[in-house]
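Fold and geometry: a report
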Amino acid sequence: MKYITAIIKPFKFTEVKDALGSAGISGMTVSEVSGFGRQRGQTEVYRGAEYASSMLPKIRLEIAVPDGLADRIVEVIRRTANNDEIGDGKIFVYELADVRRIRTGEQGEPAL
């Protein structure tokens, strides 16, 4: 199993969420976060307002998937979140050792 974490621009969230739903993802965790990368110290436009900040608003998606689905999901996120600009985001893929469903006690892929 893989655990995929993606950091994307906020205005891309709905498009990415819809694309993931079409790719078979039925659940994810979403957080509003802030951070910076190469674009720190630059002026950004966010929701029509221009400002200079080193901490920019982002959305973090967290998704657990079976090994066979990981590459497809990474590509869906990459293609959909791409805006051809610095700051489009990053995708991290981790090995997921185990998962357990709290309600039923299921373990491994059946618990996803």
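Up top is the structure.
The present account deals with the structure reproduced in this document. (Residues numbered from 1 in each chain as written. Predicted model: local features only at pLDDT ≥ 70, side-chain atom pairs only at ≥ 80, totals over all residues. Heavy atoms only, no water.)

**A look at helix 1 (residues 13–22)**
Every buried residue of helix 1 is accounted for by Phe13, Val16 and Leu20. Buried residues along helix 1 cover an arc of 70° about the axis, so they all sit on one side. Those residues of helix 1 that are buried lie in contact with strand 1 (2–8), strand 2 (29–35), strand 5 (56–65) and helix 2 (67–81). Trailing helix 1 by a residue or two, Gly24 shows a phi angle of about 100°, which is positive. (Buried < 20%, exposed > 50% of the residue type's maximum accessible area, 1.4 Å probe, protein only. Helix = DSSP H or I, 4+ residues; strand = E, 2+ residues; numbered from the N terminus. Arc of directions from axis to C-beta. Contact = heavy atoms within 4.5 Å.)

**Side note on the sheet that holds strand 6 (residues 89–95)**
Taken in spatial order, the four strands of this open sheet run 2-5-1-6, and their pairing is antiparallel. For this open sheet the edge positions go to strand 2 and strand 6, each flanked by a neighbour on one side alone. Sheet twist, expressed as the mean angle between neighbouring strand axes with direction ignored, is 20°. For strand 2 and strand 5, the ladder comprises seven bridges, and the chain directions are antiparallel. When the bridges of strand 5 are listed, Val30 appears paired with Leu61. Against the sheet, helix 2 contacts strand 1, strand 5 and strand 6, and its axis sits at roughly 5° relative to strand 1. (Pairing = 2+ DSSP bridges. Axes fitted to C-alpha atoms, helices over the stretch in contact; angles between N-to-C directions.)

**Let's talk about the environment of Ile91**
Relative to the helices and strands, Ile91 resides in strand 6. On the basis of relative accessibility, which here comes to 28%, the residue Ile91 falls in the partly exposed class. As for Ile91 and Ile8, which are separated by 83 residues in sequence, their C-alpha atoms are 8.6 Å apart. Residues contacting Ile91, with those up to four places away along its chain left out, are Ile4, Thr5, Ala6, Val74, Ile77 and Arg78.

**Some details on the pairing of strand 5**
The element strand 5 is largely enclosed, with a buried count of seven among its ten residues. Taken together, the seven bridges between strand 1 and strand 5 define a ladder with antiparallel strand orientation. Following the sheet pairing, Tyr3 is matched in strand 5 by Ala64.

**Here's the deal with the pattern of salt bridges**
Tallied over the entire structure, the rule returns ten salt bridges. A salt bridge links Glu62 to Arg60, with the nearest nitrogen and oxygen atoms 3.7 Å apart. Judged by relative accessible area, which is 18%, Glu62 ranks as buried. Given a relative accessible area of 30%, Arg60 falls into the partly exposed group. Arg100 serves as the salt-bridge partner of Asp98, at 3.3 Å between the closest nitrogen and oxygen. Relative accessible area serves as the criterion here: at 56%, Arg100 is assigned to the exposed category. Salt bridges here are not isolated pairs; linked through shared partners, they connect Lys2, Asp67 and Glu95. (Salt bridge = Lys/Arg side-chain N within 4 Å of Asp/Glu carboxyl O.)

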